[in-house]
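Below, each chain spelled out in residue letters.
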Amino acid sequence: MKVIVCCLFIIVNISNNGKASLESFAPTGTKTLFEDTTKNLEKISCYRPCKFNVKPKRCHYNFKIEPTIQENGKPAITINGMSPGPPIQACVNDIIIVEVQNGILNQDLSMHWHGVDQKGTPYMDGVPMITQCPIAYGQTYKYAFVASSPGTFFYHADSVSHHSDGVYGSLIINQPQPLEPHSSLYDYDRSGENTLLIGATFPELLTAKLEDVSELPPDALVINGDGDIAKVVVMAGFAYRLRLINAIAIECPVTVNVENHEFIAIATDGKPTKPVLARSVELYPGERMDVVVRASQEGGGYWVRAQGRGACAGISANAMLIYSGFNYTSMLQEHQSELENSKWGSDIILGGQMMESLQELSLASNVKHVYLGIDRNIIKVKETDHDFRYFIDAIPKKPYFPAPLTLQENGIVQINGKSFLYPNELMLLKPWDVREDFICKVGDEEKQEESQCVQVLDGAEGDEFEIALVNEGFGSNDSYTFHMHGFSMQVIATWQNPKNNPISKQDFEKLNKDGKILRNLLNPPMKDTITVPNKGYTIVRIKLDRGGNWLLECRSCALSSLPVAIVIRVPLTIPKVIAESLPECGSYRPPDVLLN
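Just so it is clear, the structure is predicted and the values come from calculations on it, not from any experiment.

Caption draft 1: Fine view of the overall build of the protein chain. Check the secondary structure of the protein chain and you find nine helices and 33 strands. By residue count, 59% of the 596 residues in the protein chain fall in the buried class. In the protein chain, 77% of the contacts between residues at least 6 apart in sequence involve partners at least 24 apart. Surface summary for the protein chain: the accessible area is close to 25,000 Å², and the carbon and sulfur share equals 50%.

The following block contains the structure:
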């Protein structure tokens, strides 16, 4: 383990002109960690059976991201001409290296590895101006990190528009079969063939539009891309592990079921759970769920359906569960109309936050309580108070009211009455250069005049936070999905007001004081993506076991206005050799509304 941790600090060859490389900084005696023992590795990736006592591999990928006209005539932003992009498959302890070239003219880019904890490599998390400089047009950034934890993950562009236009793909980290806690429940785990990646397509590119795109609905859902119908081939009597991923960036939960078959859910967001039998499962944007399907029929073909809700209401996507030897041509021709009117599953739908951790967890009794009030607010400002310029040192100190504050007639989503502002300098590597007057501490936001600020929650390694995300519901009837970078959250409570009344901070504190908040402190599910129901709350606990700057964000909230996020800041010293190898941002500062 010490060798692996040591090697984490040497993965630093970030750009084409980087000063360091994996090989040049490999300590004596550990260089075997970086050896490729598979011939033609770049062509076949690292998808293989994972075994004990085998040297880890370097799994190398080259991504060129650029606008493309697809075979169906639709424009998209693709990775190597594909959307979704190439699937990444690796074994635990492999090193994943992805060289990302930005081919989007006049657009900055960064890539986030959704659910990957980035132990030892916080500068690979992919958040512009927080952990890295954005990748400018024509430039290449080399991401490198250790696949330290097994599970079902995916990757996507940090920008919601780029993500929605096609920049996403699956990322599966496998481990030796004896280590899988639920391996007795299934016969086959073919993650390369049995991963269903659910995305959404739009009638036009969001990246190309300058106006508000929040009201532009998707026109279709897709499973594993907008090509041939995805197929899962099974043999009667055997059980198969399926990996379901909601890779949609906007607020679009999907319900998934298989005609005449049941699921056994065994994991959520890459973490194992107690097995739960269900006919239908629900995934919010960014959520993943691993399920087992037994081929309990004698033969034939059966539809797998992903039905959208929220922003995707009324649209769906289909895949096939095909028994070996079945001619599915007749299924396509004869049952399409029947498919449109069918209803499978049940009214009881299993969600990830309803599940329980496989093992009992040890929760600290001494925790720091944090309140995050989430709501859509209408900000009333005078026209003369508008300042359409981005903050730079040359601009005098004055209240700053970005245009979206009043361009959005129904208001903007905020946390504790503030909108997030990307810092003026790279926060992880140059915290001393981040302007203090841009920062507001969570809980003390009222001390900040501006409506936008870098919302920071400071902690120390070893701290444990209990964060109450309260969707107050005075300004909207929307639920919101949040993603935690770098850490898994213990989801100890979720509740929605049955009377559909808004809930204030005082209401929440009274419920808490009166003991009416039921917390699962025994076996809460471990998740990195959660939903906060309207006029309700979700309470999570996070243990800060390593340093870095980690974003807790509502991605889809910022699609049409301003970012909605906080940074959990844990002190960390980046070795000088690494800091000097990472590219600097220079003098150019893109507006934060374009970054998100």
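Caption draft 2: Seen up close, the pattern of salt bridges. Evaluation of the coordinates by the stated rule reveals 24 salt bridges. Where Arg288 meets Asp269, a salt bridge forms, and the shortest distance between an N and an O atom there is 3.6 Å. You can see Arg288 sitting in strand E17 (residues 288-294) and its partner Asp269 sitting in the loop between strand E14 (263-268) and strand E15 (271-278), a full 19 residues away along the chain. Exposure class is identical for Arg288 and Asp269. Each is buried. Of the charged contacts in the structure, one is a salt bridge between Asp458 and Lys441, with a shortest N-O distance of 3.2 Å. Residue Asp458 is found in strand E25 (residues 452-458), and its partner Lys441 is found in strand E24 (residues 439-441); the two are separated by 17 residues along the sequence. Classification of Asp458 as partly exposed rests on a relative accessible area of 32%. If you follow the salt bridges from partner to partner, you end up with Glu180, Asp189, Arg241, Arg243 and Asp290 in one network.

Caption draft 3: Representation of the packing of aromatic side chains in the model. Taken as a whole and judged by the stated rule, the model has 14 aromatic pairs. Their ring planes at 65° and their centres at 5.7 Å tell us that Tyr302 and Tyr323 sit as a pair that is edge-to-face. Taken as a pair, Tyr302 in strand E18 (residues 301-308) and Tyr323 in strand E19 (residues 316-323) lie far apart in primary sequence, 21 residues in all. The exposure class of Tyr323 is buried, given its relative accessible area of 2%. Plain terms: the ring middles of Tyr371 and Phe508 are 5.8 Å apart, the flat faces sit at 55° to each other, and that makes the pair tilted.

Caption draft 4: Local environment of the sheet that holds strand E29 (residues 526-527). Pairing is mixed across the open sheet formed by six strands, whose spatial order is E22-E21-E26-E31-E28-E29. A single partner strand is all that each edge strand has here, and the edge strands are strand E22 (412-415) and E29. Looking at chain direction, strand E21 (residues 368-377) and strand E26 (residues 464-471) are connected through seven bridges and run parallel. Across the sheet, the residue bridging to Gly373 is Val470, located in E26.

Caption draft 5: Geometry of the state of the cysteines. In this structure the tally under the stated criterion is six disulfides. With its sulfur 2.0 Å from that of its partner, Cys133 forms a disulfide with Cys585. Its S-S torsion of about -95° marks the bond between Cys133 and Cys585 as left-handed, since a negative value means left-handed. On the criterion of sequence distance, the pair formed by Cys133 in the loop between strand E5 (111-114) and strand E6 (140-146) and Cys585 in the loop between helix H8 (576-579) and helix H9 (592-595) is long-range, its members being 452 residues apart.

Caption draft 6: The arrangement of empty space enclosed by the protein in detail. Applying the stated criterion to the full structure yields three cavities of 30 Å³ or more. Together, 20 residues line the largest cavity, and Gln70, Pro75, Ala76, Asp165 and Thr201 are the ones closest to its centre. Sorting the residues of the lining of the largest cavity by element identifies strand E2 (75-79) and strand E9 (195-201) as the ones contributing at least two each. If you trace the second largest cavity, you find 15 residues lining it, with Ala249, Pro285, Gly286, Thr481 and Arg555 closest to the centre. When residues of the lining of the second largest cavity are traced back to their parent elements, those giving at least two are strand E7 (151-157) and strand E27 (480-484).

The rules we used
- Residues numbered from 1 in each chain as written.
- Predicted model: local features only at pLDDT ≥ 70, side-chain atom pairs only at ≥ 80, totals over all residues.
- Heavy atoms only, no water.
- Helix = DSSP H or I, 4+ residues; strand = E, 2+ residues; numbered from the N terminus.
- Buried < 20%, exposed > 50% of the residue type's maximum accessible area, 1.4 Å probe, protein only.
- Contact = heavy atoms within 4.5 Å.
- Areas by Shrake-Rupley, 256 points an atom, 1.4 Å probe, with all protein chains shown as cover.
- Salt bridge = Lys/Arg side-chain N within 4 Å of Asp/Glu carboxyl O.
- Phe/Tyr/Trp six-rings, centres within 6.5 Å; stacked < 30°, edge-to-face > 60°.
- Pairing = 2+ DSSP bridges.
- Disulfide = S-S within 2.5 Å.
- 1 Å grid on protein atoms, 1.4 Å probe; cavity = no way out; pocket = protein on both sides within 12 Å on 5 of 7 lines; lining within 4 Å.
- Points joined across faces, edges and corners; volume = space filled by probe spheres on them.

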